[in-house]
Amino acid sequence: MEQLKKLEQVQKTMKLIESGGYTTNHQDSDRFLANLILLLIQPCGELNSETKCSLISEHLPKISVGFLEEVSHSLTEEGIMAVNQPQGDQKNPVQNTFPISLNTKTDIGYSETDFEDMAVIGMDAMQRANSTLEDFVSYFMFHGMDVNTPQSIFRYLPVLSFTESYIYQLDTWNEKMLHISTNGDSALRGSNVERNRSANVRVMKVFRTDPIKPLVLLLEHHGLLTERIREELRCGEEYWDLERKLCCSLLTKNKVSMEDVMRAIHLKSFDYRVLNLLLYQLRETKVNDLHMEFLSISEFLVEVSDDLKKRIWNCMGVAFVLLISDFLFVPYATSKTSERCCRFDYEDDVLENSFNILRMFVRIYGASEAQTTLAKCICEAEEKYDRLLKNLDPQLSSKYQRRCEEATKEGGKISGHALGTWNMPPVIVDEDLYRSNVLNSRSTMSTYR
């Protein structure tokens, strides 16, 4: 908690530097100046601020690079600079070493603006992140970890859970951004219009600046940030940008780029790759590129499968996932959705204007070609998956396949291929008409209740 308080003070000072016109336009330089300012305001005997500034003006020009290196070398040899540094990261031993004295909550002065540059998560984001964390446990075998050993999970859970929760929180805000861009002022409906408008402005401000920055700073502070993790987080920002661009293009009847669509679907699982890379860092082991490549193509197939799966309601109205079977193509979707006892996720994505690969293929290739073109894309990915699977260690390969079979059964598939097969949802030719029919049907049903 003390480290988070220090980080909060650094971020707040950097913000004041920017607003005061003292910024260097370089993140590391501004952080250095922030730490220097925080040092200057610390009590030091009877010295006041004016005396401290005079000392700096008089003596700082006399301090050379050579002297700094000599001091750094001397302190490092004595083990002083290693204090409070994350294990295995001594690249910047003097970073964040200035003590900040914060005794009470009043001293901190918590407010909403104070947290703008801090990585802060909410309970809803933590709860939503659970599903991903449960899935991610299957990656443990690629690290030689036993999922049945609680220590294997709880040892790394705080970092993994916080990171995934933060990403989920940004994803929720991105959905809100998409909703704003889709519905305009109608997104402000509710009992408190001004409050909703204010919240929307804050969300838009986050995405106009650098939404990943607080998480990057936190991981960097704990010695966990690598260039590959930084790049995957950038991929997350790129995915959110593409999602908003593509979904808005569908509504406005603008051209959709196949390159953008394939880029987006491959980027979509960036959070799994971030978690995987973090686990390598936490365990202080070298990244296995073969494993990363195999899991990447596996993630792609899972994302496509999620876009195509359907849910069936039993007589009690409880939904469960039905794993898809064979390449079965249905030419169009009925508008009488309310009369059916099942629903494809694809249909929900149309209603909510969310990214879905079949939606994009329908726009690009038309209703008659979308399903077969997507099927070819899936077959090519499966061929690559099989090829990489054979390159894995035989024991790991067998273990991973058994886990996939278990997951298939957990999803409700009790017959057919052990790993499940593919099915295509009925194509929605006219999305506007489909949305209108469904909304009218819901309105009619609510009237008769």
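Rules of the game
- Residues numbered from 1 in each chain as written.
- Predicted model: local features only at pLDDT ≥ 70, side-chain atom pairs only at ≥ 80, totals over all residues.
- Heavy atoms only, no water.
- Helix = DSSP H or I, 4+ residues; strand = E, 2+ residues; numbered from the N terminus.
- Buried < 20%, exposed > 50% of the residue type's maximum accessible area, 1.4 Å probe, protein only.
- Contact = heavy atoms within 4.5 Å.
- Areas by Shrake-Rupley, 256 points an atom, 1.4 Å probe, with all protein chains shown as cover.
- Patch = residues over 30% accessible without salt bridge, like charges linked within 9 Å, V, L, I, M, F, W, Y side chains within 5 Å.
- Salt bridge = Lys/Arg side-chain N within 4 Å of Asp/Glu carboxyl O.
- Phe/Tyr/Trp six-rings, centres within 6.5 Å; stacked < 30°, edge-to-face > 60°.
- Axes fitted to C-alpha atoms, helices over the stretch in contact; angles between N-to-C directions.
- Parallel < 35°, antiparallel > 145°, perpendicular 65-115°, else oblique.
- Left-handed = near helix turned anticlockwise from the far one by under 90°.
- Polar contact = N/O pair within 3.5 Å; in protein donor to acceptor, adjacent residues only side chain to side chain.
- Disulfide = S-S within 2.5 Å.
- Expected span 1.5 Å × (residues − 1).
- Arc of directions from axis to C-beta.
- pLDDT = per-residue confidence, 0-100.

Draft legend 1. Highlighting the overall build of the chain. Helices and strands together make up the secondary structure of the chain, namely 19 helices and three strands. For the chain, the proportion of its 449 residues judged to be buried stands at 39%. Contacts in the chain between residues at least 24 apart in sequence constitute 75% of all its contacts with a sequence separation of at least 6. Looking at the chain as shown, the accessible area adds up to about 25500 Å², and 54% of this sits on carbon and sulfur atoms.

Draft legend 2. Structural detail: a nonpolar patch on the surface. Residues I56, L60, I63, F67, L68 and V71 make up a contiguous nonpolar surface patch of about 490 Å² in total accessible area. With three residues, the top contributor of residues to the nonpolar patch is helix α4 (residues 65-77). Owing to a relative accessible area of 45%, L60 belongs among the partly exposed residues under this scheme.

Draft legend 3. Representation of the packing of aromatic side chains. This model, assessed by the stated rule, comprises ten aromatic pairs. Judged by centre distance (5.4 Å) and plane angle (70°), the rings of F142 and Y400 are edge-to-face. Here Y400 lies in helix α18 (residues 394-410) and F142 lies in the loop between α6 (123-136) and α7 (150-154), a separation of 258 residues in the sequence. Just as F142 is buried, Y400 falls in that class too. Between F294 and Y385 the ring centres are 5.1 Å apart and the planes differ by 35°, which places this aromatic pair in the tilted class. Of this pair, F294 sits in helix α14 (residues 289-308) while Y385 sits in helix α17 (residues 370-391), and the two are 91 residues apart along the sequence. Both residues of the pair, F294 and Y385, belong to the buried class. Chaining the aromatic ring pairs together yields one cluster made of F136, Y139, F140 and Y272.

Draft legend 4. Quick look at the packing of helix α11 (residues 227-252) against helix α12 (residues 258-267). As a packed pair, α11 and α12 sit with axes 9 Å apart at the nearest point and diverge in direction by 135°. Between α11 and α12, the crossing angle belongs to the class labelled oblique. Relative to α12, α11 is oriented so that their crossing is left-handed. Facing C235, E238, Y239, L242, K245 and L246 of α11, the residues of α12 in contact are D260, V261, R263, A264 and L267.

Draft legend 5. Main features of the environment of R403. By the secondary structure assignment, R403 is in helix α18. Note: C-alpha distance between R403 and S138 (265 residues apart in sequence) is 7.4 Å.

Draft legend 6. Local environment of the side chain of S249. Relative to the assigned elements, S249 resides in helix α11. One polar contact links the side chain of S249 to the main-chain carbonyl oxygen of K245, over a distance of 2.8 Å. Excluding anything up to four places from it in sequence, S249 contacts N254, K255, V256 and R363.

Draft legend 7. Representation of the state of the cysteines. Applying the stated criterion across every chain, the model contains zero disulfides. Not part of a disulfide, C248 finds its nearest cysteine sulfur in C247, a span of 7.2 Å.

Draft legend 8. How the structure looks around the environment of M123. Inspection of the secondary structure assignment puts M123 in helix α6. Given the relative accessible area of 56%, M123 is considered exposed. Taking the C-alpha atoms as reference, M123 lies 8.7 Å from S165; in sequence the two are 42 residues apart.

Draft legend 9. Here's a closer look at helix α2 (residues 27-40). Along its 14 residues, α2 runs 20 Å from first to last C-alpha, staying within 8% of the 20 Å computed at 1.5 Å per residue. The complete set of buried residues in α2 reads D30, R31, A34, N35 and L38. Taken end-on, α2 shows its buried residues confined to a sector of 140°, consistent with a single buried face.

Draft legend 10. Structural detail: the confidence of the model for the chain. Mean pLDDT over the chain works out to 78, with 72% of the residues at or above the 70 mark. When the criterion is pLDDT under 50, residues 185-191 qualifies, and its contacts beyond four places in sequence or with other chains add up to nine contacts. Considering only residues more than four positions removed or in separate chains, one finds that residues 414-418, a stretch of pLDDT under 50, has two contacts.

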